[in-house]
Amino acid sequence: MKSMQTKERTRLYRILMGAGILAVLLVCVAIYLGFSTSRYMKGIIRDQFNDEQLALARAAAQRIESTLRNAMTDLVLLNSLPAIQYCDMDAYEVLLLSTLPVLRRDCIVEIRRVDREGNTLFVANEEGIGMKHLGLRHREAGAFLSWAADVGNRGRIMGTGTRARDPASDRRVILMDLIIPTYEDATDAKRPHASHRFSGYLKGIVNVTELLQQFMPSIRSGKTGYAWVLDASGNFLYHPESIFVGENAFEARSNRNPNISFAKINEIQRNEMLRGNEGKGTYFSGWHREVVEPMEKLLAFSPVRIQGPYVDYVWSVAVVAPAEEIEGIVASVYGRQIFLEGIVIFIILTGSVMVLLHELRWSTILENEVALKTDDIRRYSLELERSEAKYRSLVESADDLIFTLDRNGCIRTGNRQMLQFFGLSPEELPGRELKALLPGTQADEQLIYIGRALETGEPQRMETRFPISSEEIWFNIHYVPIRGEGGDEDLVLCVARDITDTKSLERQLINTEKLASLGTLAAGVAHEINNPLGIMLGFCDLLLERMEPGTMEYSDLKTIERHGLHCRSIVERLLSFARMGEDSEELCDLNSNVEDILAVVKHTLDMNKIRLVFSQEAGPLIVRGGCKDVQQVLLNLINNAVYAMDGEGILTVLTRKSRKAGFAEVVVSDTGCGIKKEYREKIFDPFFTTKKVGDGTGLGLSVSYGIIGKHGGTIEFESFTDEEKPGQSGTTFRILLPMADEETVGDESFRCPSDASGFEG
Ligand code: ADP
């Protein structure tokens, strides 16, 4: 568990480390991309911004040009009037009064008419029409007149350079003159025929400052960017900072801040702006509006062209804005973007780490659970395996036949005993039908019980007898229904126990009890008959003593005596049978007694052509039992064997120590006709005989049974008729007698004096 926690912590540490490194890397990449993009975007935006500034400058320049053009057009219109052309003093006063407000809108603050001699004919301005004050012969500048007098300039308008209205005190109001050559081309009622003579010129004075003030202040580039205008000499015609107006741009900047190099703007002014070019650029300045500090400015400029006397005058409108302002916007946009990216990365990473941690926690919990469950399962399966093995070995080693079958009697599984019993291999058993293993009626009987067990769900018991080959085997069969679960079929567990031995014991017990009660009866009857029989024989003896031998009476008495003695022999036998429960302390050597009896019957065997096969245990076999009793039993068995073989056969007699500890056995086996099945349960019954009348009394085996039982032994037999074992019929009797303890045996001789001939068969 501890190692698992350490493992988990290491994994956690690794994940956090990984996430941290990834986060740093991603943030670095985001910052790098942000910076490189922002730099690139800065370039693009600066360019775009300057394009926009250029458009502003161009628009401003065009507006200035168009305002000047309007002024010129109005002047041309005025100049085309006959009153102006012919200097009709009476007419132009009224004319000017009505025209001046119109010209005023064009920022023409004054109109002068100069005749071909250079005399000013009138001056019209805000103060009024000043012709009377000026006088007719007031001379105007000769340069304009000579330009106007040039026929080549007929129809043209000349714009002069700019000048301060009051150069001495205020250079900030700047004026410009517009000169139009005047010819007497018009006709009216007074002058129906135009002379077309040169008649001087008309001059309009434009207030450039006022003109520019109309729209220049409103030009705004970006947040704080503004526009300024230079004239052809490099003087500021307009600047938002009015101190610059009228000042020379090349000098004014250096004068304001000598520490800054204005080489760049001076160069642009000189090479581009004053040459009437349009363009964009950047330069360094030391101020912008209220801000005073070194800064880079973006600049775009566009020319305003004014026709001059010999060359065109060029003004230049410039629009400027601090680069920082633009970059600031880009930087703030990208800064925000990077910040947002950072937040998104952070959120994603935090989320991922949280999910990972959560998952890790869960997987660890699950791993622990799985490990515990796996251990449990392993343990349970081991236990299960062990218990299965135990039960399998129990089932396999059981003496019972244990097997399962379905309701049709088809065998599914079976233990080793089952296989052995039917002589099948483990592969052959499953699937075998019960009907194929048992005779038809037997199988049907079993199927009834199997069906009943499955229908009632109750175990079923039965006892049945199977004739297997020549034997009969008794089975106690127990059928237990096994309910199939989850689709499994219902089966029946069958435990069949071999109870043949129990049955035989049962039979023996019944026999013993039967014989015991018969013994009691026989003893009573024998006792009652014995006394009168003794009296009868006694009186018969007395009468015989009195009779003459050879007489009829003597012979009759002898017959009575013979039959009386036969009766006494039967009574004695009955009494010996009745004495079977009595204890006996006698001992005898089985081997020597068997030898003695065989010696007695040797002649009879030879007579009947019966071959004797005898084998005995080496050394004496001292058993509990009287010699006479043992010899009587052996003689009975041999007589029966001889009778059963009826003239020919093999008699086998053998003695040996029994496999049953403490017992010796003698086996008498013949190749006779065998005992019929139906007689086998009766042969030990007194008076049961199959022999002809006079050949047997039916007491031989019952007396033998009593004798052996009296000495604590047993007598059992096995017999086959010719029908059961063709050509191998015969009967084998096996007598077991308890052996005497070695201490009690001593050196005694346990051989009986051989008077076996006295026994009756
Ligand atoms: P008995 O010899 O007088 O008939 P037993 O009690 O000795 O009386 O025998 C009873 C019966 O058992 C016999 O009649 C015979 O049918 C049968 N029996 C006994 N021993 C044998 C044997 N060895 N072979 C065939 N049958 C036998």
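Every value quoted in this text rests on a predicted model; they were computed, and no experiment measured them. (Residues numbered from 1 in each chain as written. Predicted model: local features only at pLDDT ≥ 70, side-chain atom pairs only at ≥ 80, totals over all residues. Heavy atoms only, no water.)

**Quick look at the site of the ligand**
Stage number 1. Residues in contact with the ligand amount to 17 residues; listed here are only the nearest, T689, T690, K691, T697 and L701.
Stage number 2. The side chain of K691 places a nitrogen or oxygen atom 2.4 Å from an oxygen atom of the ligand.
Stage number 3. Take T697: an N or O atom from its main chain is 2.8 Å from an oxygen atom of the ligand.
Stage number 4. Within the complex, 94% of the 520 Å² of free accessible area of the ligand lies under protein.
Stage number 5. Judged by the proximity of its atoms to the pocket grid, the ligand belongs to the second largest pocket.
Stage number 6. Within the residue set of the shell around the ligand, elements represented by two or more residues are α16 (627-645) and α17 (700-710).
Stage number 7. Here the residues of the shell around the ligand are counted per class, giving 7 nonpolar, 8 polar and 2 charged. (Near = heavy atom within 4 Å. Polar contact = N/O pair within 3.5 Å; in protein donor to acceptor, adjacent residues only side chain to side chain. Areas by Shrake-Rupley, 256 points an atom, 1.4 Å probe, with all protein chains shown as cover. 1 Å grid on protein atoms, 1.4 Å probe; cavity = no way out; pocket = protein on both sides within 12 Å on 5 of 7 lines; lining within 4 Å. Sits in = over half its atoms within 2 Å of the grid points. Helix = DSSP H or I, 4+ residues; strand = E, 2+ residues; numbered from the N terminus. Nonpolar A, V, L, I, M, F, W, Y, C, P; charged D, E, K, R; others polar.)

**Brief notes about the pattern of salt bridges**
Working definition: two side chains of opposite charge can pair if their charged atoms are close together.
Stage number 1. According to the stated counting rule, one finds 28 salt bridges in the structure shown.
Stage number 2. We note a salt bridge from E296 to R46, for which the minimum N-O separation is 3.0 Å. A residue pair is termed long-range when its members are at least 10 positions apart, and E296 in strand β11 (residues 291-306) and R46 in helix α1 (residues 2-79) qualify at 250 residues.
Stage number 3. Across the pair R58 and E278 runs a salt bridge whose closest N-O atoms are separated by 2.8 Å. (Salt bridge = Lys/Arg side-chain N within 4 Å of Asp/Glu carboxyl O.)

**Side note on the packing of helix α15 (residues 590-607) against α16**
Stage number 1. α16 packs onto α15 with a crossing angle of 40° between their chain directions and a minimal axis gap of 10 Å. The interaxial crossing formed by α15 with α16 has right-handed handedness. Counted together, L590, N593, V594, D596, I597, L598, V601 and L605 of α15 and C627, V630, Q631, L634, L635, I638 and V642 of α16 form the full contact between these two elements.
Stage number 2. Taken together, the residues of the contact of α15 with α16 break down into 12 nonpolar, 2 polar and 1 charged. (Axes fitted to C-alpha atoms, helices over the stretch in contact; angles between N-to-C directions. Left-handed = near helix turned anticlockwise from the far one by under 90°. Contact = heavy atoms within 4.5 Å.)

**Focus: the pairing of strand β13 (residues 401-405)**
Stage number 1. Across the 5 residues that make up β13, a large majority, 5, are buried.
Stage number 2. Here β13 shows two buried faces, one formed by L401, F403 and L405 and the other by I402 and T404.
Stage number 3. Pairing geometry for β13 and strand β17 (residues 491-498), over 5 bridges, is antiparallel. By the bridge assignment for β17, I402 is matched with V495. (Buried < 20%, exposed > 50% of the residue type's maximum accessible area, 1.4 Å probe, protein only. Pairing = 2+ DSSP bridges.)

**Some thoughts on empty space enclosed by the protein**
Stage number 1. Inspection of the entire model under this criterion finds 4 cavities of 30 Å³ or more.
Stage number 2. Here the largest cavity defines a volume of roughly 130 Å³.
Stage number 3. Contributing to the lining of the largest cavity are 14 residues, with F403, F422, L438, F466 and I477 lying nearest its centre.
Stage number 4. At the level of secondary structure, the elements contributing two or more residues to the lining of the largest cavity comprise β13, α10 (416-422), β16 (471-482) and β17.
Stage number 5. Classifying every residue of the lining of the largest cavity gives 13 nonpolar, 1 polar and no charged.
Stage number 6. Size it by volume and the second largest cavity reaches roughly 70 Å³.
Stage number 7. Secondary structure elements with two or more residues in the lining of the second largest cavity: β8 (226-230) and β10 (279-288).
Stage number 8. By residue number, the principal contributor to the lining of the second largest cavity is β10, which donates 3 residues. (Points joined across faces, edges and corners; volume = space filled by probe spheres on them.)

**So, the sheet that holds β8**
Either a parallel or an antiparallel arrangement is found when strands of a sheet pair, and the pairing is made through backbone hydrogen bonds.
Stage number 1. One open sheet accounts for 5 strands, arranged β9-β8-β12-β11-β10; its pairing is antiparallel. The strands lining the two open edges of the sheet, one partner per strand, are β9 (236-238) and β10. Taking each pair of neighbouring strands and ignoring which way they run, the sheet shows an average axis angle of 35°.
Stage number 2. Against the sheet, helix α9 (residues 323-397) contacts β11 and β12 (313-322), and its axis sits at roughly 110° relative to β11.

**Regarding the layout of surface pockets**
Stage number 1. Computed from the structure, the largest pocket encloses a volume of approximately 1700 Å³.
Stage number 2. Lining of the largest pocket is provided by 41 residues; of these, S504, R507, Q508, E716 and F717 occupy positions nearest its centre.
Stage number 3. Among the elements of the structure, β16, α13 (500-546), α17, β23 (714-720) and β24 (730-738) are those that each provide at least two residues to the lining of the largest pocket.
Stage number 4. Per element, the largest residue contribution to the lining of the largest pocket is 12 residues, and it comes from α13.
Stage number 5. In this structure, the second largest pocket spans a volume of roughly 750 Å³.

**A short note on the nonpolar core**
Stage number 1. Counting 46 residues, the largest nonpolar core has I64, I111, F122, L212, M216, V229 and W315 as its most contacted members.
Stage number 2. Each residue touching L212, except ones within four places of it in the same chain, is listed here: I64, P217, V229, L237 and Y238.
Stage number 3. Residues C588, I597, L634 and V642 belong to the second largest nonpolar core, which totals 44 residues. (Core = buried A, V, L, I, M, F, W, Y, C linked by side-chain atoms within 4.5 Å.)

**Describing a nonpolar patch on the surface**
Stage number 1. A cluster of nonpolar side chains, F339, L340, I343, F346 and I347, forms an exposed patch at the surface whose accessible area comes to about 540 Å².
Stage number 2. By the element assignment, I347 lies in helix α9.
Stage number 3. With relative accessibility at 53%, the residue I347 sits in the exposed group. (Patch = residues over 30% accessible without salt bridge, like charges linked within 9 Å, V, L, I, M, F, W, Y side chains within 5 Å.)

**With respect to the side chain of Q269**
Stage number 1. By secondary structure assignment, the location of Q269 is in helix α8 (residues 263-273).
Stage number 2. You can call Q269 buried: its relative accessible area is 0%.
Stage number 3. Excluding residues within four positions of it along the chain, Q269 makes contact with W228, L230, A249, F250, R253 and L274.

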